[in-house]
Amino acid sequence: MRYDADLAIKKAIAVLRKYNTRNPWLLGRCLPNVVVTPNDLGENILGYTITDRKFSIININAQTDEATSNSVLSHEIGHALLTRNTGANYFYRNARVAAVGSDEFIANCFMFQFMFGNRGLINPMNRNKILADYGLPRWMDRYFDLIDQEDPDD
């Protein structure tokens, strides 16, 4: 296992199969013990998850565009499903590179598989545009190399 990247990727694939949606807002409504609420979180915080026992509350910044809120919510759902023992996890606009194996790394792996995985190979020339479109920092391009990109229908 690659410092739990494989676990996060397998979980995202299982969630996609079970709920048959890549819409994180719809998924958030389907998941038991998860509540998603949009709030004004200011300029720098895009979202965060608070977990208490077996219940997760995900707050998403209502001041972001749809694509950014989708990516952040996908990341926060990763926390709700995979890093439940950590208390609060924040997604900052100016986030630094996540250390391999950290809770942020695991949630990022989940997010990338959930949003971009199993749709066919993503051309490396398009990665920066995709990241910009979803409001994600450029350093996250490394996650494209970790996810399962093969289209299962091929």
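Please refer to the structure higher up on the page.
This one's a predicted model, so the numbers in the text were calculated from it and none came from an experiment. Position numbers for residues start from 1 in each chain and track the written sequence from start to end. Per-residue local features of the predicted model are confined to residues with pLDDT of at least 70, and side-chain atom pairs are confined, for both listing and counting, to 80 or more; whole-chain, interface and lining totals are unaffected and use all residues. To get the side-chain values, take all heavy atoms of the structure and skip hydrogens and water.

Caption draft 1: Up close: the pattern of salt bridges. A carboxyl oxygen of Asp or Glu within 4 Å of a side-chain nitrogen of Lys or Arg is what we treat as a salt bridge. In this structure the tally under the stated criterion is two salt bridges. Close ionic contact of D145 with R127 constitutes a salt bridge, the shortest N to O distance being 2.8 Å. With D145 in the segment after α5 (127-133) and R127 in helix α5, this pair connects stretches of sequence that are 18 residues apart. Taking relative accessible area as the criterion, R127 reaches 11% and is therefore assigned buried. For helices the rule is a DSSP run of H or I covering at least 4 residues; for strands it is a run of E covering at least 2, with both sets numbered from the N terminus onward. Only protein chains enter the calculation, and the probe is 1.4 Å; a residue is then buried if its accessible area is under 20% of its type maximum, exposed if over 50%, and partly exposed in between.

Caption draft 2: Looking closely at helix α3 (residues 66-82). To estimate how far a helix should extend, the number of its residues minus one is multiplied by 1.5 Å. For α3, spanning 17 residues, the distance from its first C-alpha to its last is 24 Å, which sits close to the expected 24 Å at 1.5 Å a residue. Within α3, 13 of the 17 residues are buried, which leaves the element mostly enclosed by the surrounding structure. For α3, the N-terminal cap is D65; the gap from its side-chain oxygen to the backbone nitrogen of A67 is 3.1 Å. Definition of a polar contact: a pair of N or O atoms within 3.5 Å, with one able to donate and the other able to accept a hydrogen when the atoms are protein atoms, and with sequence-neighbouring residues admitted only if both atoms are side-chain atoms.

Caption draft 3: Just the pairing of strand β3 (residues 55-61), in detail. With five of seven residues buried, β3 lies mostly within the body of the structure. When strand β1 (residues 34-39) meets β3, the two strands line up parallel, connected through six bridges. Paired with V36 across the two strands is I58, which belongs to β3. For strand β2 (residues 45-52) and β3, the ladder comprises six bridges, and the chain directions are antiparallel. Each bridged residue has a counterpart across the sheet, and for Y48 the counterpart in β3 is N59. Two strands qualify as a pair provided that DSSP identifies no fewer than 2 bridges between them. The hairpin turn running from β2 into β3, its antiparallel successor, is two residues long, and R53 in that turn takes a positive phi close to 60°.

Any link to function would need more than the numbers given here.
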